[in-house]
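Examining the three-dimensional arrangement
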2 protein chains.
Amino acid sequence: MSGRQDIEDLIDLMARLPGLGPRSARRAVLHLIQKRGRLMQPLAHSMQMVADNARECVRCGNIGTGDLCDICADERRANGEICVVEDVSDLWAMERAGVFKGRYHVLGGTLSALDGIGPEDLRIPALVTRVGDEQVREVILALGATVDGQTTAHYIADELSGRCTVSSLAQGVPVGGELDYLDDGTITAALTARKSL
Amino acid sequence: MSGRQDIEDLIDLMARLPGLGPRSARRAVLHLIQKRGRLMQPLAHSMQMVADNARECVRCGNIGTGDLCDICADERRANGEICVVEDVSDLWAMERAGVFKGRYHVLGGTLSALDGIGPEDLRIPALVTRVGDEQVREVILALGATVDGQTTAHYIADELSGRCTVSSLAQGVPVGGELDYLDDGTITAALTARKSL
Ligand SMILES: [Zn+2]
Ligand SMILES: [Zn+2]
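Residues numbered from 1 in each chain as written. Chains lettered and ligands numbered in written order. Predicted model: local features only at pLDDT ≥ 70, side-chain atom pairs only at ≥ 80, totals over all residues. Heavy atoms only, no water.

Comments concerning the pairing of strand β5 (residues 138-141) of chain A
All names here are of chain A. Of the two faces of β5, the one holding Glu-138 and Ile-140 and the one holding Val-139 and Leu-141 are both buried throughout. In the sheet, strand β3 (residues 81-85) pairs with β5 via 4 bridges, with the strands oriented parallel. By the bridge assignment for β5, Cys-83 is matched with Ile-140. In this structure, β5 lies alongside strand β6 (residues 165-168), joined through 4 bridges in parallel fashion. If you follow Glu-138 over to β6, its bridge partner there is Thr-165. Handedness of the β5-helix α7 (residues 147-159)-β6 crossover: right-handed. (Buried < 20%, exposed > 50% of the residue type's maximum accessible area, 1.4 Å probe, protein only. Helix = DSSP H or I, 4+ residues; strand = E, 2+ residues; numbered from the N terminus. Pairing = 2+ DSSP bridges. Right-handed = clockwise from strand over helix to strand, strands pointing away.)

Concerning α7(A)
All names here are of chain A. Taking 1.5 Å of rise per residue, 13 residues should cover 18 Å, and α7 covers 18 Å from first to last C-alpha, within 8% of that figure. All of the buried residues in α7 are Gly-149, Thr-152, Ala-153, Ile-156 and Ala-157. Angularly, the buried residues of α7 cover 135° about the axis, an arc narrow enough to put them on a single face. Exposed side of α7, more than 90 degrees from the buried face: Val-147 and Asp-158 are the residues found there. Of the surrounding secondary structure, the elements contacted by the buried residues of α7 are β3, α6 (124-133), β5 and β6. (Expected span 1.5 Å × (residues − 1). Arc of directions from axis to C-beta. Contact = heavy atoms within 4.5 Å.)

Comments concerning the interface of chain A and chain B
The interface of chain A with chain B comprises 53 residues on the first partner and 53 residues on the second. Here chain A packs against chain B, burying approximately 5,500 Å² in sum over the two surfaces, 65% of which is carbon and sulfur. For the pair chain A and chain B, the interface holds 0 salt bridges. Across the contact surface, chain A and chain B share 6 residue pairs in polar contact (both at pLDDT 80 or more). Of all elements in the fold, only α1 (3-14), α2 (22-34), α3 (36-53), β1 (55-56) and α5 (88-97) of chain A reach the threshold of two or more residues within the side of chain A that touches chain B. Element by element, the count of residues in the side of chain A that touches chain B is highest for α3(A), at 16 residues. Broken down by class, the residue content of the side of chain A that touches chain B amounts to 28 nonpolar, 10 polar and 15 charged. (Buried area = accessible area lost by both parts, 1.4 Å probe. Salt bridge = Lys/Arg side-chain N within 4 Å of Asp/Glu carboxyl O. Polar contact = N/O pair within 3.5 Å; in protein donor to acceptor, adjacent residues only side chain to side chain. Nonpolar A, V, L, I, M, F, W, Y, C, P; charged D, E, K, R; others polar.)

With respect to the relation of the copies chain A and chain B
After a rotation of 180° and a shift along the axis of 0.0 Å, chain A superposes on chain B with an RMSD of 0.0 Å. As the rotation angle and translation indicate, the two copies are arranged about a two-fold axis. Proximity to the rotation axis, assessed at the C-alpha, singles out Ala44(A) in chain A; its C-alpha lies 2.6 Å from the axis. Most of the interface of chain A is mirrored in chain B, where 100% of its interface residues again form contacts. (Least-squares fit on C-alpha atoms with pLDDT ≥ 70 in both.)

A word on the coordination of the zinc ion (ligand 1)
Residue and element names in this part refer to chain A. Within the protein, the atoms that donate to the zinc ion (ligand 1) are Cys-57 (SG), Cys-60 (SG), Cys-69 (SG) and Cys-72 (SG), at distances of 2.2 to 2.4 Å. Around the zinc ion (ligand 1), the 4 donor atoms sit at angles spanning 106 to 116°, and that spread fits a shape best called tetrahedral. Each donor residue of the zinc ion (ligand 1) belongs to the same chain, with the gaps between them written as C-x2-C-x8-C-x2-C. Taken as a pair, Cys-57 in the loop between β1 and β2 (63-64) and Cys-72 in helix α4 (residues 70-73) lie far apart in primary sequence, 15 residues in all. (Donors = N, O, S within 2.8 Å, 3.2 Å for Na, K, Ca; no water. Tetrahedral: all angles 85-135°; square planar, octahedral: opposite > 155°, others 65-115°.)

Re the pairing of strand β3 (residues 81-85) of chain B
Residues and elements named next belong to chain B. With 5 of its 5 residues buried, β3 lies for the most part within the structure. Side chains Glu-81, Cys-83 and Val-85 project from β3 onto one buried face, and the interleaved Ile-82 and Val-84 project onto a second face that is buried too. Each parallel crossover has a hand, and the one from β3 via helix α4 (residues 88-97) to strand β4 (residues 103-106) is right-handed.

A closer look at the side chain of Thr110(B)
Residue and element names in this part refer to chain B. If you trace the backbone, Thr-110 turns up in the loop between β4 and α5 (124-133). Of the residues examined, Thr-110 reaches a relative accessible area of 13% and is grouped as buried. What Thr-110 contacts, discounting residues up to four positions off in sequence, is Glu-86, Ile-117, Leu-122, Asp-148, Gly-149 and Thr-152.

Points about the coordination of the zinc ion (ligand 2)
All names here are of chain B. The coordination sphere of the zinc ion (ligand 2), as far as protein atoms go, consists of Cys-57 (SG), Cys-60 (SG), Cys-69 (SG) and Cys-72 (SG), spread over 2.3 to 2.4 Å. Along the chain, the residues donating to the zinc ion (ligand 2) fall in the pattern C-x2-C-x8-C-x2-C. The residues Cys-57 and Cys-60 share a single accessibility class, namely buried.

Overview of the packing of aromatic side chains
Residues and elements named next belong to chain A. For the coordinates displayed, the defined rule picks out 2 aromatic pairs over all chains. Relative to Tyr-104, the ring of Phe-100 lies with its centre 5.2 Å away and its plane at 65°, an arrangement referred to as edge-to-face. By relative accessible area, Phe-100 is classed as buried at 4%. (Phe/Tyr/Trp six-rings, centres within 6.5 Å; stacked < 30°, edge-to-face > 60°.)

Structural notes on empty space enclosed by the protein
Gaps between atoms show up when a probe of the same size as a water molecule is rolled over them. Here the structure, examined in full by the defined rule, presents 2 cavities of 30 Å³ or more. Reported here for the largest cavity is a volume of approximately 50 Å³. Forming the boundary of the largest cavity are Arg23(A), Arg26(A), Arg27(A), Leu30(A), Ser89(B), Trp92(B), Arg96(B) and Asp180(B). Mapped by element, the contributors of at least two residues to the lining of the largest cavity are α2 of chain A together with α4 of chain B. Ranked by the residues each element gives to the lining of the largest cavity, the list is headed by α2(A), at 4 residues. Here the lining of the largest cavity is built from residues that sort into 2 nonpolar, 1 polar and 5 charged. Empty space within the second largest cavity amounts to approximately 30 Å³. Lining of the second largest cavity is provided by Ser89(A), Trp92(A), Arg96(A), Asp180(A), Arg26(B) and Arg27(B). (1 Å grid on protein atoms, 1.4 Å probe; cavity = no way out; pocket = protein on both sides within 12 Å on 5 of 7 lines; lining within 4 Å. Points joined across faces, edges and corners; volume = space filled by probe spheres on them.)

Topic: α2(A)
The end-to-end C-alpha distance of α2(A), which contains 13 residues, comes to 18 Å, matching closely the 18 Å that a straight helix rising 1.5 Å per residue would cover. Buried within α2(A) are the following residues: Ala25(A), Arg26(A), Ala28(A), Val29(A), Leu30(A), Leu32(A) and Ile33(A).

Structure (structure tokens):
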């Protein structure tokens, strides 16, 4: 009979989502309760299913439900190109643009002297291994136009020097901009105009 | 192995929450997946529990988990006062202010000639019945300071004329304002300075 507490607990959990504060979490929960058959039940079920099954691809770091993500499991994506991104959200942004046909490598962040993040904290050693194992012709660095993003790009270019072509997204990525916020056209333009490092 | 589709389905459902659009839903889902043990599993479980158990109180329209909500089930709240609100979110706002010690009646909206909403579409007949059954001394109308809110207040005051005292929240409710957006202090001031209609 602790109904009110169950609802308060749900509001507290919802308020921990990015983009929702305590007030909007409360409104969201009320909305859910009022549409509990048509929206809340399907949402709870969907969330439980993803929570039970989602995990990181052992090869590229993308989110999927098997050892390999959908992209790594798709042999048609083995075209000799790997696009390197910071986060899964950037991978999703690239996929929405729909212009890249190869595979990905999710670093999990950028190098940062300030935060003490070195190459071994990211998936950089795994990237070097993949370039050798997967007959990669070109690595395309799709990293943010931030200081840390560019530092990371140059570090990776050095590591891969002589092993394959290394290029980076060019025009279109605004200085200080994050990939996840770009529109599809900008991403397409930046990929098309990529330049060798 | 349709991992990507499960995640897209979850994003689509999340995007239907008030305050989240497609982009913020995507970020929220990614955040959940990255914290699936500490946040996503508890959230899915909490949401399922509320979805299975939450329902409207048969007496007042508040959300709870039994036939009667926590407030209607609490005999200490039977003090002869009923506070009438438009929506459950307004009831929650009143409870956060913590100043009202009686029970509630949730109308489920306001009268609206434009939208064709009449007394029988709201819980107004049930309110009249409660005033007779529950030895109610005073009905406090905590409706928004909108045209429809005030029309509804006057209609209810007429219906209850001669049966009990009818008052309404006074100073502090801004013109055109919605109760749910007020701070606790404003609600307290408005309740304390309530005036007889
Ligand atoms: Zn993968
Ligand atoms: Zn109740």
